Amino acid sequence: MKKAILSTAVVAALFANTALAELNVDAEVALTNDYRFRGISQTDEEAAVQGGMTVGHSTGVYAGVWASSMQSGAELDYFVGYSLDVASVNVDAEYRMYDYTGKYAVDPDYEEWSVTASAMGASVGVIYSDDYSGTGAEYTRYGAAYNLPVGPLVLHAHAGLNDFDETYANLYGEDQYVDYEVAASMNVVDNVSVKVAWVGTDLDKAVVGGQDIAEDALILTVSASL
């Protein structure tokens, strides 16, 4: 777990000598009927347990960890970023490392860098990796999202274009695809919320081995902030 140790060291260095009053800690646990990562199921359409923690500083620097059960083993994400407001626009730059604990023929651990700009409920962003999922493929994701509060509900929609610089082996000859989500969420009691989402991609079943893991699906997630 050298990567995990390195991430912990980075977080410690970032927040060393920082007054506790300037820190904000957010933690959450969740249960979902299917873990979809950019539209594709990571749990063979089975349920997943997830959770994470983010430590933020008043300067805009933040770092944290997020985890989910997988079809094989677990996914652990370590991230660090910086968020600032420029006029009425929030700009967020982040580095994220994906660590997978299952048994794989090729080590899928990899790193991503992202930049996102948000204003008035809308956001656009770009994510980049030079070695996607350990395959050597160069990957760029262009995404847009919108959140709209309506009474007790928060309506959400997003879409992303996932583009590879070469044919990505896991997609059986495709070098790009689109994922999308339309969702509604609401707090049911204090710190507990429920999210219902329609998630899918434009991939044909044949492209993902004849499975339904990239087909449209209704995803239910219950989460609790700690």
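Structure: above.
Residues numbered from 1 in each chain as written. Predicted model: local features only at pLDDT ≥ 70, side-chain atom pairs only at ≥ 80, totals over all residues. Heavy atoms only, no water.

J.: Looking at this structure, how should I read unusual backbone geometry?
T.: Glycine aside, residues mostly have negative phi, and peptide bonds are mostly found in the trans state. A positive phi angle, near 55°, is found at arginine 38, a position not held by glycine. Summarising the element assignment, arginine 38 is placed in the loop between β2 (36–37) and β3 (40–41). Phi at serine 133 takes a positive value of approximately 55°, unusual for a residue other than glycine. Within the secondary structure, serine 133 sits in the loop between β9 (122–132) and β10 (137–150). (Helix = DSSP H or I, 4+ residues; strand = E, 2+ residues; numbered from the N terminus.)

J.: Can you help me understand the pairing of β9 in this one?
T.: Two elements, strand β8 (residues 110–119) and β9, share seven bridges in a ladder whose sense is antiparallel. Counted as the bridge partner of alanine 119 is alanine 122 from β9. In this antiparallel pair of consecutive strands, β8 and β9, the connection spans two residues, and methionine 120 shows a positive phi of 55°. Both β9 and β10 contribute to a ladder of nine bridges, which runs antiparallel. Following the sheet pairing, alanine 122 is matched in β10 by tyrosine 146. (Pairing = 2+ DSSP bridges.)

J.: What's the story with the pattern of salt bridges in this structure? I'm lost.
T.: A side chain of one charge can pair with a side chain of the opposite charge when the charged atoms of the two come close. Under the criterion given, the structure shown has seven salt bridges. Between glutamate 94 and arginine 96 there is a salt bridge; the shortest N-O distance is 3.0 Å. Considered together, glutamate 94 and arginine 96 belong to a single accessibility category, that of buried residues. Residue aspartate 179 pairs with arginine 141 through a salt bridge whose shortest N-O separation is 2.8 Å. On the criterion of sequence distance, the pair formed by aspartate 179 in strand β12 (residues 176–189) and arginine 141 in strand β10 is long-range, its members being 38 residues apart. Under the relative-accessibility criterion, arginine 141 is labelled buried at 11%. One salt-bridge network, in which partners are shared between bridges, spans Asp77, Glu94 and Arg96. (Salt bridge = Lys/Arg side-chain N within 4 Å of Asp/Glu carboxyl O. Buried < 20%, exposed > 50% of the residue type's maximum accessible area, 1.4 Å probe, protein only.)

J.: Mind showing me how you'd approach the sheet that holds β9 here?
T.: Remark on secondary structure: sheet strands pair via backbone hydrogen bonds, oriented parallel or antiparallel. Spatially, the 12 strands close up into a barrel ordered β1-β4-β5-β6-β7-β8-β9-β10-β11-β12-β13-β14, and their pairing is antiparallel. The mean inter-strand angle of the sheet, taken between neighbouring strand axes irrespective of direction, is 20°. Relative to strand β14 (residues 217–225), strand β13 (residues 192–201) runs antiparallel, the two being bridged by eight bridges. For valine 192, the partnering residue across the bridge sits in β14 and is alanine 224. (Axes fitted to C-alpha atoms, helices over the stretch in contact; angles between N-to-C directions.)

J.: Explanation requested: the packing of aromatic side chains in the structure shown.
T.: Two aromatic rings, taken as a pair, are described by how far apart their centres are and by the angle between their planes. Tallied over the entire structure, the rule returns 10 aromatic pairs. Centre to centre, the rings of phenylalanine 37 and tyrosine 98 are 5.8 Å apart; their planes meet at 70°, and the pair counts as edge-to-face. Highlighted residues: phenylalanine 37 in strand β2 and tyrosine 98 in strand β7 (residues 89–100), separated in sequence by 61 residues. Residue phenylalanine 37 shares its accessibility class with tyrosine 98, and that shared class is buried. (Phe/Tyr/Trp six-rings, centres within 6.5 Å; stacked < 30°, edge-to-face > 60°.)

J.: Got a minute to help me understand the side chain of glutamine 50 in this structure?
T.: Examined against the element boundaries, glutamine 50 turns out to sit in strand β4 (residues 48–57). Given the relative accessible area of 13%, glutamine 50 is considered buried. At a separation of 3.2 Å, a polar atom in the side chain of glutamine 50 contacts the side chain of serine 68. For glutamine 50, the contacting residues outside a window of four places in its chain are Glu28, Val29, Ala30, Thr32, Tyr35, Trp66, Ala67 and Ser68. (Polar contact = N/O pair within 3.5 Å; in protein donor to acceptor, adjacent residues only side chain to side chain. Contact = heavy atoms within 4.5 Å.)

J.: It is not clear to me how a negative patch on the surface should be interpreted in this structure. Could you clarify?
T.: On the surface, Glu111, Asp130, Glu138, Asp165 and Glu166 cluster together to form a negatively charged patch. With respect to the helices and strands, the residue glutamate 111 is situated in strand β8. The exposure class of glutamate 111 is partly exposed, given its relative accessible area of 31%. (Patch = residues over 30% accessible without salt bridge, like charges linked within 9 Å, V, L, I, M, F, W, Y side chains within 5 Å. Areas by Shrake-Rupley, 256 points an atom, 1.4 Å probe, with all protein chains shown as cover. Lys, Arg positive; Asp, Glu negative; His and termini not counted. Charge placed at Lys NZ, Arg CZ, Asp CG, Glu CD.)

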